[in-house]
Amino acid sequence: MNFDRVAPAYPALETMTFGGVLQQARLAFAEEVIGRKSALIIGDGDGRGCAEIVSLNTQAQIDYVESSRSMIRGARSRLGGNSHVHFHHADFRDWTVPADGARPRKYDFVATHFFLDCFPTKSLAEVVRKISSLTGPGAIWLLTDFNIPPRGWRRVHAQAWLAAMYSFFRVAASLEATHLVDPAPMLTENGFGLLRERSWRFDLIRSQLWQRV
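Please read these numbers as outputs of a predicted model, since none were measured by experiment.

K.L.:
Explain the layout of surface pockets to me, please; I cannot follow it from the model alone.
P.N.:
With a probe scaled to a water molecule rolled over the atoms, the places where space remains empty come into view. There is about 690 Å³ of room inside the largest pocket. Counting only elements with at least two residues in the lining of the largest pocket, the list comes to α1 (10-18), α2 (21-27), β2 (61-66) and α6 (152-172). A per-class count over the lining of the largest pocket returns 23 nonpolar, 5 polar and 9 charged. What the second largest pocket holds in volume is close to 210 Å³. Phe146, Asn147, Leu180, Asp182 and Arg206 are the residues nearest the centre of the second largest pocket, which is lined by 13 residues in total. Considering every element that reaches the lining of the second largest pocket, the biggest residue donor is strand β7 (residues 135-146), with 3 residues. Along the lines of polarity and charge, the residues of the lining of the second largest pocket split into 7 nonpolar, 2 polar and 4 charged.

See below:
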């Protein structure tokens, strides 16, 4: 999986396809970062979600993990060298958490924007378990992604869009997944409960706020 080839064109591609809706979804619950001390942001591409989080909380220490070097360059430019954001070029599955003193760091805020949809079921379960293991009690997880409604024309609409997107990104970015897997049961199994959610584009796009219980 490598988004380097699509990174230069991605902002224009997103705007052409969805206008500003994906950014609205990224920011739906961003205010939940206020008061948080340690944030983990994974797969945010060129940093549009992270930029809002930084503006809302100027003190939180943020680990920013992204597998695309080109996307990281865009994020660095967007965030203006903010000293509280620590960039890590890595596949999250292979990434080692920075030590905080003698113990691994625990995060009280996590954001994954259009990241979990990149993985097939087995890999997704591993990613969710790893993220959960890095959070402490009461941690917030802001999850923004695509969604397939359960029935009706909205389901058909979502399936058509997602089939086209998965076909494109499998060629353009060597995407591992072939279809969307719902991560909600995995979050529940790993100790998170759903607090709130919002949706756009006939429920194709969904932002959820989860909290570790």
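K.L.:
I'm lost on the pairing of strand β1 (residues 38-42) in this one. Help?
P.N.:
Remark: a regular strand shows side chains that alternate across the two faces of the sheet. Most of β1 sits out of view: 5 of its 5 residues are buried. In β1, alternate side chains face the same way, and those of Ser38, Leu40 and Ile42 on one face and Ala39 and Ile41 on the other are all buried. The pairing of β1 with β2 spans 5 bridges and is parallel. The residue of β2 that forms the bridge with leucine 40 is aspartate 63. With respect to chirality, the unit in which β1 leads through helix α3 (residues 48-56) into the neighbouring parallel β2 is right-handed.

K.L.:
I'm lost on the packing of aromatic side chains in this one. Help?
P.N.:
Within a pair of aromatic rings, the relevant descriptors are the distance that separates the centres and the angle that separates the planes. Under the counting rule described, the total for this entry stands at 10 aromatic pairs. A ring pair is formed by phenylalanine 18 and tryptophan 161, whose centres lie 5.3 Å apart and whose planes are at 35°; its orientation type is tilted. Highlighted residues: phenylalanine 18 in helix α1 and tryptophan 161 in helix α6, separated in sequence by 143 residues. On the basis of relative accessible area, phenylalanine 18 is assigned to the buried category, the value being 4%. Exposure remark for tryptophan 161: the relative accessible area of 28% places this residue in the partly exposed category. Here the aromatic residues Phe18, Phe114, Phe146 and Trp161 are joined through ring pairs into a cluster of three or more. Above the ring of phenylalanine 92, the side-chain terminus of lysine 130 is found at 4.8 Å from the ring centroid.

K.L.:
Help me understand the nonpolar core in this model?
P.N.:
Generally speaking, nonpolar side chains in soluble globular proteins are found buried as a group. Ranked by internal contacts, the top residues of the largest apolar core, which has 71 residues, are Leu40, Phe92, Trp95, Trp141, Phe146 and Ile205. Per-element tally for this core: the top contributor is α6, with 6 residues. If near-sequence neighbours (up to four positions away) are discounted, tryptophan 95 is found in contact with Leu40, Asp63, Val65, His88, Ala90, Tyr107, Lys130 and Leu134.

K.L.:
Quick question: what am I supposed to make of α1 here?
P.N.:
Note that an α-helix has 3.6 residues per turn; residues three or four places apart therefore point the same way. Within the span of α1, buried status applies to Tyr10, Glu14 and Phe18. Viewed end-on, α1 has its buried residues packed into an arc of 35°, placing them on one side of the element. In α1, those exposed residues whose orientation departs by more than 90 degrees from the buried face are Ala12 and Met16. Turning to α1, the residues buried within the fold contact α2, α3, α4 (69-79), β7, α6 and β9 (205-212). At the C-terminal side of α1, glycine 19 shows a positive phi close to 65°.

K.L.:
I keep staring at the packing of α1 against α6 and nothing clicks. Help me out?
P.N.:
The description of two helices packed together rests on the angle between their axes and the distance between the axes. For the pair α1 and α6, the least separation of the axes is 14 Å and the interaxial angle reads 165°. When the axis of α1 is compared with that of α6, the two are roughly antiparallel. Once α1 is placed against α6, the crossing between them reads as right-handed. Only Trp161, Met165, Phe168 and Phe169 of α6 make contact with α1, whose side of the interface consists of Tyr10, Leu13, Thr17 and Phe18.

What counts, and at which threshold
- Residues numbered from 1 in each chain as written.
- Predicted model: local features only at pLDDT ≥ 70, side-chain atom pairs only at ≥ 80, totals over all residues.
- Heavy atoms only, no water.
- 1 Å grid on protein atoms, 1.4 Å probe; cavity = no way out; pocket = protein on both sides within 12 Å on 5 of 7 lines; lining within 4 Å.
- Points joined across faces, edges and corners; volume = space filled by probe spheres on them.
- Helix = DSSP H or I, 4+ residues; strand = E, 2+ residues; numbered from the N terminus.
- Nonpolar A, V, L, I, M, F, W, Y, C, P; charged D, E, K, R; others polar.
- Buried < 20%, exposed > 50% of the residue type's maximum accessible area, 1.4 Å probe, protein only.
- Pairing = 2+ DSSP bridges.
- Right-handed = clockwise from strand over helix to strand, strands pointing away.
- Phe/Tyr/Trp six-rings, centres within 6.5 Å; stacked < 30°, edge-to-face > 60°.
- Lys NZ or Arg CZ within 6 Å of the ring centre and 35° of its normal.
- Core = buried A, V, L, I, M, F, W, Y, C linked by side-chain atoms within 4.5 Å.
- Contact = heavy atoms within 4.5 Å.
- Arc of directions from axis to C-beta.
- Axes fitted to C-alpha atoms, helices over the stretch in contact; angles between N-to-C directions.
- Parallel < 35°, antiparallel > 145°, perpendicular 65-115°, else oblique.
- Left-handed = near helix turned anticlockwise from the far one by under 90°.

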